[in-house]
Every structure is written in structure tokens, then in C-alpha cells.
Amino acid sequence: MPEPAGGTAALRTELAVLHQLLAEGGLVVWTAGNVSARVDADTFLIKPSGVPYEQLTPEAMVLCDLEGEPIGESPLKPSSDVYAHAYVYRHRPDVGGVVHTHSTYATAWAARDEPIPCVLTAMADEFGGEIPVGPFALIGGDDIGRGIVETLAGRRSPAVLMRNHGVFTIGADARAAVKAAVMCEDVARTVHLARQLGEPLPMAAGDIDRLYDRYQNVYGQRGRP
């Protein structure tokens, strides 16, 4: 099967840049972690397996179908998480990007099987509540993807901590998913530090709702001509 009409050059370039942002932000090490981006209703691009971040070029990104199988003549294998990403894209047509990291603080919460409580305005803004924990699942099949979809169903959070594994985030596009991953690590660190000083103060559900609505619908340059 050929690449979709119109090509994927711009999306490939963006994915290469987004992977570097993860590395520069300290959210990934060596070859761990990955970003993918939906191309169209039937295909997505994803990081190749085991390739160091400094070697990730736009051409290295692997085009796959929604079963996680490579399309075309790429000499590189897709990420070992490809089937998890594919499952998310198949079952969440609203998702345009998926990110996976083992970022230190957020993964520490995942190792304890503990959700990150919503005790910060920044959490209410981005996640609309706590960051939940999903079930343990082995790498290599679509069980991780199933856990992501089932855990995030009915929640506003774009992030899930997969138990004993790490962070997965989703977004309308790949950049939004990367932002969620960055924010997840930031609040995981802050809430951890707060707990060293005492028990963080809970936030009222109504305040969380109002903060989330403002950030999602008013904050920034929304509404300007």
C-alpha cells in the first residue's frame, strides 16, 4: 500500500522535532519512549524501534495501518508499542497523537499503583481531575492499548499511568499529546514534593470544573479574530 495522497512529509518532520523535545525535556532516555501521529482514518506514523533519539530523522518514522502493521518499504521496524498505539487509534477516532514515556516522577507513581491526586490548579487545567492508573500489561500486543482506552473512558485526563510501566498520553494531535506528557511529569514531581512536606490539600470538584473549562475554552488567544 502506498503512502496516503498528499504525502506525510510535514508530519514526519513534526514527529522528529517532537521526539527531540521529549529527549531535551528529560522525559525519555536512550531509546525508550515514542510518539505517534495519525495521518488519516487508516494510517499513523510512529518512531522506529531501538533507534537513538539523536538519529531520528523524518524519514525514519514508520508508516503503519491501524492494525499496527508497517506500510510500504521502510527498512526500519516500528516501535514495540505499535500495537498499543494502533488500538488507541482504532477505538478513539478523536485521538490524533499518542505519546509514551518512562518519565521519572510519573513512573514512580505508576510503580506504586497510585493515581496522582488533583491538588494543583495546573492539574485541573490540563487533566480535569486526577491522573489515573491503568492495569499492568505486557509489551508487544494490544493489551496496553486496551488498558489505556478503558482507563481513560469517561475521564477528562489525557494521561494514564500504566502500572509498573510508565506514562501514556493522548491528544487531538501529536503536539497536544506531548504537552500532556510534559505536564504529567511536571505535576507528578510537584505533588511528590508536596507530600514530603505533608498531605496536599484537596481541591473542590466545582473549582476543578471551573478551572478546566476556563483553560480549555478561554485561556490563551481563543476567540481573537
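Values in this document were obtained by computation on a predicted structure and should not be read as measured data. (Residues numbered from 1 in each chain as written. Predicted model: local features only at pLDDT ≥ 70, side-chain atom pairs only at ≥ 80, totals over all residues. Heavy atoms only, no water.)

Counting buried positions along strand S7 (residues 166–171) gives six out of six residues, so the element sits mostly inside the fold. The pairing of strand S4 (residues 97–101) with S7 spans five bridges and is classified as antiparallel. Residue pairing for S7: Thr101 is matched across the bridge by Val167. Relative to S7, strand S6 (residues 159–162) runs antiparallel, the two being bridged by four bridges. (Buried < 20%, exposed > 50% of the residue type's maximum accessible area, 1.4 Å probe, protein only. Helix = DSSP H or I, 4+ residues; strand = E, 2+ residues; numbered from the N terminus. Pairing = 2+ DSSP bridges.)

Extensive coverage of helix H2 (residues 82–91) is indicated by the burial of seven of its 10 residues. Buried residues of H2: Val82, Ala84, His85, Ala86, Tyr87, Val88 and Tyr89, and no others. For H2, the secondary structure elements touched by its buried residues are strand S1 (34–38), strand S2 (43–46), strand S3 (62–65), S4, helix H5 (143–152) and S7. (Contact = heavy atoms within 4.5 Å.)

Approximately 400 Å³ is the volume found for the largest pocket. As for the largest pocket, its lining consists of 20 residues, and the residues nearest its centre are Pro158, Ile170, Gly171, Ala172 and Gln216. Contributions of two or more residues to the lining of the largest pocket are made by S7, helix H6 (174–197) and helix H7 (205–217). Among the residues forming the lining of the largest pocket, the class breakdown is 10 nonpolar, three polar and seven charged. (1 Å grid on protein atoms, 1.4 Å probe; cavity = no way out; pocket = protein on both sides within 12 Å on 5 of 7 lines; lining within 4 Å. Points joined across faces, edges and corners; volume = space filled by probe spheres on them. Nonpolar A, V, L, I, M, F, W, Y, C, P; charged D, E, K, R; others polar.)

Below, the discussion takes up the sheet that holds S2. The seven strands are arranged S3-S2-S1-S4-S7-S6-S5 in an open sheet whose pairing can be described as mixed. A single partner strand is all that each edge strand has here, and the edge strands are S3 and strand S5 (133–134). In terms of strand pairing, S1 meets S4 through four bridges, oriented antiparallel. By the bridge assignment for S4, Ala37 is matched with Gly97. Packed on one face of the sheet, H2 meets S1, S2, S3, S4 and S7 and runs near 145° to S2. (Axes fitted to C-alpha atoms, helices over the stretch in contact; angles between N-to-C directions.)

Core analysis: the largest hydrophobic core is formed by 22 residues, its most contacted members being Phe44, Val88, Val98, Ile144, Ile148 and Phe168. Contributions of two or more residues to this core are made by S2, S3, H2, H5, S6 and S7. Not counting residues within four places of it along the chain, the set of residues in contact with Val98 comprises Asn34, Val35, Ser36, His85, Val88, Tyr89, Phe168, Thr169, Ile170 and Ala177. Counting residues in each nonpolar core, the second largest holds 20 residues, with Val28, Val35, Leu63 and Ala177 among its members. (Core = buried A, V, L, I, M, F, W, Y, C linked by side-chain atoms within 4.5 Å.)

A separate point is the packing of H2 against H5. At their nearest, the axes of H2 and H5 sit 7 Å apart, and the two run at 40° to each other. By the criterion of interaxial angle, the relationship of H2 to H5 is oblique. The handedness of the crossing between H2 and H5 is right-handed. Counted together, Ala84, Tyr87, Val88 and His91 of H2 and Ile144, Gly145, Arg146, Ile148 and Val149 of H5 form the full contact between these two elements. (Parallel < 35°, antiparallel > 145°, perpendicular 65-115°, else oblique. Left-handed = near helix turned anticlockwise from the far one by under 90°.)

A few words now on the environment of Ala122. Along the chain, the position of Ala122 falls in helix H4 (residues 121–127). You can call Ala122 partly exposed: its relative accessible area is 24%. When near neighbours in sequence (up to four residues on either side) are disregarded, Ala122 contacts Met183 and Val187.

The next subject is the pattern of salt bridges. On inspection of all chains with the given rule, the structure shows 13 salt bridges. Between Arg112 and Glu114 there is a salt bridge, and its shortest N-O distance comes to 1.9 Å. A relative accessible area of 53% means that Arg112 is categorised as exposed. A salt bridge links Asp186 to Arg189; the nearest nitrogen and oxygen atoms lie 3.1 Å apart. Placement of both Asp186 and Arg189 in helix H6 is noted, with a separation of three residues, approximately one turn of the helix. (Salt bridge = Lys/Arg side-chain N within 4 Å of Asp/Glu carboxyl O.)

Function-wise, these values are silent; they only describe arrangement.
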